[in-house]
Amino acid sequence: MKIAATTLGETAGDLFAQTLKLGYFLTTIALFLVFVVTLVIQLRSSHYNPFFYWTVILSTSMAGTTMSDFMNRDASAKYLSGGATKLGWGPQGLGLGYPEGAAILVSILLLIFLGWKLSGMTFQITEIVSFKGEALFWSAILVSNTLGTSMGDFLSDSSGLGYLGGAALVTGLLLVLLALMKVPAVPNVLLFWIAFVLTRPLGATAGDFLTKPVAKGGLDLGTAGSSAVLLALLFGLMAYAHLQERKAGTAALEGPEAHAVSLDKAGRR
């Protein structure tokens, strides 16, 4: 579900910013507002709801895509294809470059984790129940998805690995993390956050592979069609998770009742 959400975040972010030519600046503002709205709905929910949770993950992924592009890119021919000199209204980008942008985002993410550590609250996401804890969690998610986009674009565009090579490298690193789960000395919480960051560049490289021209190593399926298919896939997975959650809740409620009924029958006998 995370890979589907991050890949959709890449294709949908590019759909608004590049295909529809809204530009990185306007798209970043719009998608950040979408993130705020989805986050408010999530924070107001009294229990875990897969649709709310994964919608926020998706909104952070889309916003992270254009935030990263705005930080790292500019209006040069390197980033604007087809002879275009401008993409949408407003600033075209800060032009920091992928390494510099990633370094800034890593620093911000580390500061969030430091503040989280100093607050004394748990890093176990299943035990985060306070507003402050959720605020720290979603801040880390937004920055990690923005960082992951920078890493993915660097692997695809600047490292020489290409889209498939970048995806293969990240997949290999995720498999290493999977193996490290069997090592007792390595905290699973640490592995979770590393994996959470790494799934974003996997989504970025996979999204670019689906949408970019064949001449650049992509499949040229287009941002609109790819986003529609990925959205259907993600909603299908969310529906499945929602059914599983309802079954678990029903079983939890029926357990005590069934036990009481069995005790009552035993008493009657």
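Residues numbered from 1 in each chain as written. Predicted model: local features only at pLDDT ≥ 70, side-chain atom pairs only at ≥ 80, totals over all residues. Heavy atoms only, no water.

The chain has the name Membrane-anchored protein in an unreviewed UniProt entry, where Streptomyces diastatochromogenes is given as its organism.

(A) Representation of the overall build of the chain. A count of helices and strands for the chain gives eight helices and zero strands. Listed N to C, the secondary structure of the chain is α-α-α-α-α-α-α-α in terms of helices and strands. Projecting the C-alpha coordinates of the chain onto the three principal axes gives extents of approximately 85 × 40 × 35 Å. Among the 269 residues that make up the chain, the fraction classed as buried is 41%. Once local pairs closer than 6 in sequence are excluded, the contacts in the chain between residues at least 24 apart make up 71%. Accessible area for the chain stands at about 13900 Å²; split by element, carbon and sulfur atoms hold 71% of it. One finds the centroid of the 17 positive side-chain charges in the chain at a distance of 5 Å from the centroid of its 15 negative side-chain charges. (Helix = DSSP H or I, 4+ residues; strand = E, 2+ residues; numbered from the N terminus. Buried < 20%, exposed > 50% of the residue type's maximum accessible area, 1.4 Å probe, protein only. Contact = heavy atoms within 4.5 Å. Areas by Shrake-Rupley, 256 points an atom, 1.4 Å probe, with all protein chains shown as cover. Lys, Arg positive; Asp, Glu negative; His and termini not counted. Charge placed at Lys NZ, Arg CZ, Asp CG, Glu CD.)

(B) Structural context of the packing of aromatic side chains. As enumerated under the stated definition, the model contains 19 aromatic pairs in all. Ring pairing ties together the aromatic residues Tyr48, Tyr53, Trp54, Phe113, Trp116, Phe123, Phe137, Trp138, Phe192, Trp193 and Phe196, which thus form one cluster. Above the ring of Phe196, the side-chain terminus of Lys2 is found at 4.2 Å from the ring centroid. (Phe/Tyr/Trp six-rings, centres within 6.5 Å; stacked < 30°, edge-to-face > 60°. Lys NZ or Arg CZ within 6 Å of the ring centre and 35° of its normal.)

(C) Representation of the nonpolar core. Counting residues in hydrophobic clusters, the biggest one holds 36 residues, and the most contacted among them are Ile57, Trp116, Phe137, Trp138 and Trp193. Put simply, the parts of the chain that give this core at least two residues each are α1 (2-19), α2 (23-44), α3 (50-72), α4 (98-119), α5 (131-158), α7 (188-211) and α8 (223-268). Dropping the residues within four chain positions of it, Trp193 is found in contact with Phe113, Trp116, Phe123, Ile125, Phe137, Ala140 and Ile141. (Core = buried A, V, L, I, M, F, W, Y, C linked by side-chain atoms within 4.5 Å.)

(D) Geometry of α3. Here α3 spans 32 Å end to end across 23 residues, near enough to the 33 Å set by a 1.5 Å rise per residue. The element α3 is extensively covered by neighbouring structure, given that 19 of its 23 residues are classed as buried. The residue sitting at the N-terminus of α3 and contributing the capping side-chain oxygen is Asn49; that oxygen lies 2.9 Å from the backbone nitrogen of Phe51. (Expected span 1.5 Å × (residues − 1). Polar contact = N/O pair within 3.5 Å; in protein donor to acceptor, adjacent residues only side chain to side chain.)

(E) Highlighting the side chain of Ser227. With respect to the secondary-structure elements, Ser227 resides in helix α8. On the accessibility criterion, Ser227 (8% relative accessible area) is buried. Reaching out from Ser227, the side chain makes a polar contact with the backbone oxygen of Thr223 at a distance of 2.6 Å.

(F) Representation of a nonpolar patch on the surface. Among the surface-exposed residues, Phe16, Leu20, Leu22, Leu26 and Trp89 lie close enough to one another that they form a single nonpolar patch of about 480 Å² accessible area. The class of Trp89 is exposed, set by a relative accessible area of 58%. (Patch = residues over 30% accessible without salt bridge, like charges linked within 9 Å, V, L, I, M, F, W, Y side chains within 5 Å. Salt bridge = Lys/Arg side-chain N within 4 Å of Asp/Glu carboxyl O.)

(G) Up close: the environment of Ser46. One can find Ser46 in the loop between α2 and α3. On the accessibility criterion, Ser46 (74% relative accessible area) is exposed. A polar side-chain atom of Ser46 sits 3.4 Å from a polar atom in the side chain of His47.

(H) Fine view of the side chain of Asp14. Structurally, Asp14 can be placed in helix α1. One buried charged residue, Asp14, forms no salt bridge at all, with the nearest opposite charge on Lys212 at 4.1 Å. The residues touching Asp14, leaving out its near neighbours within four places in the chain, are Thr19, Thr65, Asp69, Asp208, Lys212 and Thr223.

(I) A look at the pattern of salt bridges. Considering all chains together, one arrives at four salt bridges under this definition. Between Arg73 and Asp69 there is a salt bridge whose closest N-O contact spans 3.5 Å. Of the charged contacts, one joins Arg73 and Asp153 as a salt bridge, the two residues approaching to 3.6 Å between their closest N and O atoms. Within this pair, whereas Arg73 is found in the loop between α3 and α4, its partner Asp153 is found in helix α5, the two being separated by 80 residues in sequence. Taken individually, Arg73 and Asp153 each receive the classification buried, so the pair is uniform in this respect.

(J) Broad picture of the packing of α2 against α5. It is at 12 Å that the axes of α2 and α5 come closest, and there the two elements cross at 150°. Classified by the angle between their axes, α2 and α5 sit roughly antiparallel to one another. Where α2 crosses over α5, the handedness of that crossing is right-handed. Where α2 abuts α5, its residues Phe32, Phe35, Leu39, Gln42 and Leu43 lie against Phe131, Glu134, Trp138 and Leu142. (Axes fitted to C-alpha atoms, helices over the stretch in contact; angles between N-to-C directions. Parallel < 35°, antiparallel > 145°, perpendicular 65-115°, else oblique. Left-handed = near helix turned anticlockwise from the far one by under 90°.)

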